[in-house]
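Structural description and commentary
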Amino acid sequence: MANNAITLVEAVTQALAYELNADPDTVVLGEDVGVNGGVFRATAGLQQRFGKDRVMDTPLAESMIAGASIGMAAQGLKPIAEIQFMGFIFPAVDQMITHAARMRNRTRGRLTCPMVMRAPFGGGIHAPEHHSESTEALLAHIPGLRVVIPSSPTLAYGLLLAAIRDPDPVIFLEPKRIYRLVKQEVPDNGEALPLDVCFQLREGTDITLVTWGASTHETLKVANTLAKQGVSAEVIDVATIKPLDMNTILQSVEKTGRCVIVHEACRSFGVGAEIAAQIAEKALTSLMAPVKRVTGYDTVMPYFKLEKHYLPSEAQILAGVQEVLEYA
Amino acid sequence: MQREQVASFSISHLRFLDEHGNTTQDLPEFAKDPDTLLYLYRTMSLTRAADAKAVNLQRTGRMGTYPSSLGQEAISVAIGHAMRKEDVFCPYYREQGTMLQRGVKIEDIFNYWGGDERGSNFGDGTSEDFPISVPIASQCLHATGVATAFKLRKQPRVAVVSCGDGATSEGDFYEAINLAGAWNLPVVFVVNNNKWAISVPLSEQTAAQTIAQKAIAAGFDGEQVDGNDVIAMHHTLEQAIENARQGGGPTLIEALTYRMCDHTTADDASRYRPREEVDEHRKKCPLVRLYNYLLNQGLWDKEKENALQAECAEKVQAAVDAYLNTENQPLTSMVDYLYETWPASLADQRDALLQEQQALEEKGEAVHG
Ligand SMILES: Cc1ncc(C[n+]2csc(CCOP(=O)(O)OP(=O)(O)O)c2C)c(N)n1
Ligand SMILES: [Mg+2]
């Protein structure tokens, strides 16, 4: 491994620093993002480097963070707001649904909302209640928003830059379980990666595994295990949850004829359901087996003593894959 | 140009014991009863001992992230003592001292922060108190709803809710005090002003000179109290709670204190606040202050202190044993409390959990890890 390799959370910091430097209209705001550098260190050092006017500690109020960002964005600033944990995003969602997502449409393009709302999300770090949930489907349901989830340092850097530069509001969810799991060399060249497309993490011919966020790691491990058994799995990281790039997924499913969707969020009415519905609508005749979802349960995220039994495990993913492969 | 003054307000500050434990004015009647003061001191000591153990359990990998109440014991213990059993408490996460007086067991608190939902099923099952509310300030609104129920049913009961200084920036806080004022509700708001909200100092949280004055905007009284002086806290709380019980409406109490610890065990406060500031506030410790007063009054001595510490250690150890020996919840506990009856259409998910549970038991594996 190269010695200047960085983690996912460091890639977030690197992207923020790059754009704060490159674009004077960008500002970072949120609870504890300044002096403290964020409770996960995602904004470490940024206030020192760019000053208090560009990297702002806000009072403790999420609706304010969202609503004030909307005002700044309408004035041509590019606010990058942090919500400390996704579990506390809900007061902000009011502003995101009622204003951020529809300002362009409401004013027929006169006012726009080029803001980013970042939040760490997901389970697996033994955190207290409300610190471990995955509610991306709620956000993806809102017309006018983009919802983006990186699964690696490289994707975090490139997708966050794209999110900041996007002319519309983007919710950028960071899978904190893998904030420091792997390091990659991520050149600080300011090159964005495309939004609204899936990323193929592994090519295969026998089955398509669709996932995003932290679950990409278990899914890739399962693909490795399958390879040893002579099964060639294609792994697709959705990356932009909304709008969904179904073309990439459909092309893969048309090739493999089998599909398993893996997500940490609870099962019903989730992003997996949307993907499965579109496969049914557009590629039914290519399927050799029903689409399978391996997901969290339809329960609230249990407190951490039971959380590992809530999160989809490698064994559960593998079992789901076997079921789909063995379908007559 | 002439402008008429149509309203004017002031905020007062109350204290009886200075930081050395000397009285600054005549004590209120209740404080002349040694038993009451000794009770408060003992409860504060137990709270601190349990709290220190929780931090220790976290440091040794036997508990999750934990928010210590170090330095804030006078506030929470005074709340617990001033409330009647039939009142309802809506706590924030640093009110261990109140909870312990309201039937919550030390091991309940350990279980909660140890990642086990049963920690909120506290007391003997008769408690109507709310569980800890993690989303900041949200509990302030619950207290107004509880108080509305008391009012509608003409019950002489009071809702007490607490939060931190940072919490008073949230919409939920303002919405709650506004409703409490507009409906003249029997509710008391206690703000633990410990000067910091994680890394954000009060001076960046608000431009208001006091937090107590936020009540003025909501149309009722706000009072500032030395939150490290348990006598001042108890006096103020008792008056506010009784006033609410008599139909006199809400009060906001701003308790001035200091967070003598990191925000939680996951935090490192040295990143954002100077050591000297913490040291300065250590001198104002609520326990030391009362200890000195009791000592000066001849109500306490070293021997009694040693005996008390031993007694606290014993109680805490019993709670640790109970906590560490708590049997795991079955995996189906995830679904069994979500609805009164788990929906038939989701039966397959419960079955899957049951199967996983059985597989684990066959392998002889612990359910959690
Ligand atoms: C709605 C919401 N936003 C953010 C958080 C994360 N958070 C937990 S405690 C805290 C600071 C609270 O400060 P304060 O109200 O002063 O209470 P203190 O911890 O100082 O006692 C924050 C931001 C949360 N729990 N809920
Ligand atoms: Mg505080």
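A brief look at the structure comes next. (Residues numbered from 1 in each chain as written. Chains lettered and ligands numbered in written order. Predicted model: local features only at pLDDT ≥ 70, side-chain atom pairs only at ≥ 80, totals over all residues. Heavy atoms only, no water.)

Quick look at the environment of Ile261 of chain A
Selection rule: Under the DSSP-based scheme used, a helix requires at least four consecutive residues in state H or I and a strand at least two consecutive residues in state E, with every element numbered from the N terminus.
When you line up the elements, Ile261 of chain A lands in strand β11 (residues 259-266). For the pair Ile261 of chain A and Lys52 of chain A, spaced 209 residues apart in sequence, the C-alpha to C-alpha distance is 43 Å.

Details of the sheet that holds strand β12 (residues 292-296) of chain A
Each strand in a sheet pairs with its neighbour through backbone hydrogen bonds, running either in the same direction (parallel) or in the opposite one (antiparallel). All names here are of chain A. This is how the line gets drawn: In short, DSSP must find at least two bridges between two strands for them to pair. Axis definition: a line fit to C-alpha positions, over the contact stretch in the case of helices; interaxial angles, taken between N-to-C directions, run 0 to 180 degrees. A contact between two residues is defined here by any heavy atoms of the two lying within 4.5 Å.
Spatial ordering of the open sheet is given by β7-β9-β8-β11-β12, a layout of 5 strands whose pairing is mixed. Either end of the sheet is taken by a strand with one partner, and the two such strands are β7 (199-202) and β12. Each neighbouring strand pair of the sheet contributes to a mean axis angle of 25°, computed without reference to strand direction. Seen against the sheet, helix α10 (residues 271-283) touches β8 (207-211), β11 and β12 and runs at an angle of roughly 155° to β11.

Concerning the packing of aromatic side chains
What counts here: When two rings of Phe, Tyr or Trp (its six-membered ring) have centres within 6.5 Å they constitute a pair, described as stacked for plane angles under 30 degrees, edge-to-face for angles over 60, and tilted for the intermediate range. Exposure is judged per residue with a 1.4 Å probe applied to protein chains only, and the accessible area is read against the type maximum: over 50% gives exposed, under 20% gives buried, and values in between give partly exposed.
A complete count under the given rule lists 16 aromatic pairs over all chains for this structure. For the ring pair Phe40 of chain A and Tyr179 of chain A, a centre distance of 5.3 Å and an interplane angle of 55° mean the geometry is tilted. Taken together, the positions of Phe40 of chain A in the loop between β1 (26-30) and α2 (46-50) and Tyr179 of chain A in the loop between β6 (170-175) and β7 put the pair 139 residues apart, joining distant regions of the chain. According to the relative accessible area criterion, Phe40 of chain A is buried, its value standing at 14%. Residue classification places Tyr179 of chain A among the buried positions, given a relative accessible area of 2%. Plain terms: the ring middles of Phe110 of chain B and Tyr323 of chain B are 5.8 Å apart, the flat faces sit at 70° to each other, and that makes the pair edge-to-face. Taken together, the residues span a long stretch of sequence, with Phe110 of chain B in helix α4 (residues 106-113) and Tyr323 of chain B in helix α12 (residues 302-324) at a distance of 213 residues. Members of the aromatic cluster, joined through ring pairs, are Phe40, Phe85, Phe88 and Tyr179 of chain A.

Topic: the coordination of the magnesium ion (ligand 2)
All names here are of chain B. Rule in force here: The rule for donors is simple: N, O or S, within 2.8 Å of the metal, or within 3.2 Å if the metal is Na, K or Ca. Water isn't counted, so a site may look like it is missing partners.
Taken together, the protein ligands of the magnesium ion (ligand 2) are Asp165 (OD), Asn194 (OD1) and Trp196 (O), with distances of 2.0 to 2.1 Å. Every donor residue of the magnesium ion (ligand 2) comes from the same chain, spaced as D-x28-N-x1-W. Separated by 31 residues along the polypeptide, Asp165 in the loop between β3 (159-164) and α6 (171-182) and Trp196 in strand β5 (residues 196-197) bring together distant segments of the chain. Neither residue differs from the other here; Asp165 and Trp196 are each classed as buried.

Points about the interface of chain A and chain B
What counts is decided by this rule: Accessible area that two parts lose when put together, evaluated with a 1.4 Å probe and summed over both, is termed the buried area. By definition here, a salt bridge exists when the distance from a side-chain nitrogen of Lys or Arg to a carboxyl oxygen of Asp or Glu is within 4 Å. Definition of a polar contact: a pair of N or O atoms within 3.5 Å, with one able to donate and the other able to accept a hydrogen when the atoms are protein atoms, and with sequence-neighbouring residues admitted only if both atoms are side-chain atoms.
Between chain A and chain B, the contact holds 34 residues from the first and 44 residues from the second. Summed over both partners, the interface of chain A with chain B buries about 3300 Å², with 58% contributed by carbon and sulfur atoms. In this structure, the connection of chain A to chain B is made through 1 salt bridge. A salt bridge links Glu204 of chain B to Lys52 of chain A, with the shortest nitrogen-to-oxygen separation between them at 3.2 Å. Seen at the junction of chain A and chain B, the total is 9 residue pairs in polar contact (both at pLDDT 80 or more). Looking at which element gives the most residues to the side of chain A that touches chain B, the answer is helix α11 (residues 307-310) of chain A, with 3 residues.

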